[in-house]
Amino acid sequence: MNKVFKFLGRDRDLSILGFVTTAVIVVLYLMLGSRLFSLGGLQSMSIQVSEFGFLALAMGLAMLVAGIDLSVVAAAGLSGVMAALTMSGEFIPITPENETQMIILGVVVALTTGLLTGLLNGFIIAKLSVPPILATLGTMILYTGIGTAITSGSSISLKVPSFAKLATSTVGPLPMVFVMLLATFIIVSLILTRTRFGRKVYLFGENEVAVRFSGIKSERVILMTYAIIGILVGLAAIVIIARANSMRVGFGESYLLQAILVVVLAGFNPLGGKGRVLNLAIALVLLQVISTAMTAFAFSPYAKNIVWGGILIAVMGMNHYLRAGAPRARRQEPPSETAAIALEQSRR
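Quick summary incoming for the structure in this document.

The rules behind these values
Residues numbered from 1 in each chain as written. Predicted model: local features only at pLDDT ≥ 70, side-chain atom pairs only at ≥ 80, totals over all residues. Heavy atoms only, no water. Helix = DSSP H or I, 4+ residues; strand = E, 2+ residues; numbered from the N terminus. Areas by Shrake-Rupley, 256 points an atom, 1.4 Å probe, with all protein chains shown as cover. Phe/Tyr/Trp six-rings, centres within 6.5 Å; stacked < 30°, edge-to-face > 60°. Buried < 20%, exposed > 50% of the residue type's maximum accessible area, 1.4 Å probe, protein only. Contact = heavy atoms within 4.5 Å. Salt bridge = Lys/Arg side-chain N within 4 Å of Asp/Glu carboxyl O. Polar contact = N/O pair within 3.5 Å; in protein donor to acceptor, adjacent residues only side chain to side chain. Core = buried A, V, L, I, M, F, W, Y, C linked by side-chain atoms within 4.5 Å.

1. Details of the overall build of the protein
Link 1 in the chain: The secondary structure content of the protein amounts to 17 helices and 4 strands.
Link 2 in the chain: Put simply, the protein shows about 17300 Å² of open surface, and 66% of that area lies on carbon and sulfur atoms.

2. A word on the packing of aromatic side chains
Link 1 in the chain: For the structure on display, the rule yields 2 aromatic pairs.
Link 2 in the chain: Between the aromatic rings of Y29 and F37, the centroid separation amounts to 5.8 Å while the plane-to-plane angle is 55°, which identifies the pairing as tilted.
Link 3 in the chain: On the numbers, 5.5 Å between centres and 40° between planes, the contact of F52 with Y255 is tilted. Within this pair, whereas F52 is found in helix α4 (residues 39-64), its partner Y255 is found in helix α13 (residues 255-265), the two being separated by 203 residues in sequence. For the pair F52 and Y255, one class covers both residues: buried.

3. Digging into the environment of G53
Link 1 in the chain: Within the fold, G53 resides in helix α4.
Link 2 in the chain: By relative accessible area, which is 0% here, G53 ends up buried.
Link 3 in the chain: Along the backbone, G53 and L280 are 227 residues apart, and their C-alpha atoms lie at a distance of 9.0 Å.
Link 4 in the chain: Sequence-distant contacts of G53, that is, excluding residues within four places in its chain, are made with L181, F185 and L284.

4. A short note on the pattern of salt bridges
Link 1 in the chain: Scanning all chains against the criterion turns up 2 salt bridges.
Link 2 in the chain: E51 is the salt-bridge partner of R243, the closest N and O atoms lying 2.5 Å from each other. Of this pair, R243 sits in helix α12 (residues 218-244) while E51 sits in helix α4, and the two are 192 residues apart along the sequence.
Link 3 in the chain: Given a relative accessible area of 42%, R243 falls into the partly exposed group.
Link 4 in the chain: Close ionic contact of E219 with K127 constitutes a salt bridge, the shortest N to O distance being 2.9 Å.

5. Details of the side chain of T136
Link 1 in the chain: Within the secondary structure layout, T136 lies in helix α7 (residues 132-151).
Link 2 in the chain: From its side chain, T136 meets the backbone nitrogen of L70 in a polar contact 3.1 Å long.
Link 3 in the chain: For T136, the residues in contact, after removing those within four places along its chain, are I68, D69, L70, S71 and N121.

6. Some thoughts on the nonpolar core
Link 1 in the chain: Counting 96 residues, the largest nonpolar core has V72, F163, V262, L280 and L286 as the members making the most contacts within it.
Link 2 in the chain: Setting aside chain neighbours within four positions, we find V72 in contact with L55, A58, M59, I229, V233 and L256.

7. Brief notes about unusual backbone geometry
Link 1 in the chain: Despite not being glycine, A66 has its phi angle at roughly 60°, a positive value.
Link 2 in the chain: You can see A66 is positioned in the loop between α4 and α5 (72-86).
Link 3 in the chain: A positive phi angle, close to 60°, is found at S152, a residue other than glycine.
Link 4 in the chain: Here S152 is to be found in the loop between α7 and β1 (156-157).
Link 5 in the chain: Judged by relative accessible area, S152 falls into the exposed class, the value being 67%.

Laid out in structure tokens, this is it:
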């Protein structure tokens with residue numbers, strides 16, 4: 001038990017977020033009980049959070065390198081449109097014999113399109129030195145325009161019925177898409193904490209000057225980070241079209257602000273260099289539980305924004321209060337242990 005408290009003490013954001021999430025779940029359980037926390041209800045929440053979780057993780061990676069990606073939803077829309085067109089039978093007739101091959105091709109198209117959008121963002125930011133907020137604002141408009149031009153603003157329906165099973169199939173009690181999200185979170189967490197690239201990501205976000213003097217190729221770090229973001233966007237597109245069995249430009253536009261909200265709520269620093277995948281996972285749980293509870297209470301959908309904004313302000317206020325009470329000497333410490341380790345290992 002002491003080890004648990006010691007671990008929580010090292011990460012104040014995790015402690016606060018864990019406390020708030022636990023308190024919210026307990027209160028809602030007492031109020032709603034099985035209406036919210038039945039097996040069916042938990043599976044439904046798992047499917048909903050999976051669709052949004054990939055985009056939130058992509059936004060978190062962008063913030064780790066002192067950036068932001070305003071194009072994640074637009075890129076997911078374009079990736080989904082390209083995959084939906086592939087599986088619509090418009091270009092390649094779909095038969096029972098080639099259905100599996102068409103599903104594989106559609107997934108590859110979604111991931112490839114997402115990767116290309118991420119590489120374009122990374123190229124503009126790294127090679128052209130355009131600020132991330134302006135670069136991704138431009139590509140957001142670009143991706144939306146391409147998708148609209150291709151589809152003329154209409155919805156693309158899939159002609160591969162078995163692809164929709166991805167959103168309804170389970171692994172034991174867990175939905176398949178939720179298992180995909182868990183696996184992705186674990187893989188990204190391992191990349192960030194156990195690889196040299198991950199240490200460079202944290203160091204770049206925390207101290208770009210140190211990166212330049214350490215010999216790390218910062219442009220490569222940005223390109224690789226946004227390439228990973230693109231793959232996550234492609235995965236989000238796959239989940240979206242599997243659940244809706246169709247795709248159109250503009251689907252999930254509200255996800256952009258929600259992604260920024262959940263990442264900041266998880267303790268990611270918009271200036272870069274700080275943030276943990278575990279915290280992001282807990283923040284996703286918190287927002288999804290609240291969202292589902294609002295539906296169960298038959299509240300207006302607009303009430304969700306009020307509650308989410310209130311929780312964000314409360315958490316930020318608690319963080320400010322606790323940091324203000326910290327000794328002055330502690331706040332003037334040199335760069336974090338993560339940055340120091342990354343700098344030392346990058347010199348080897």
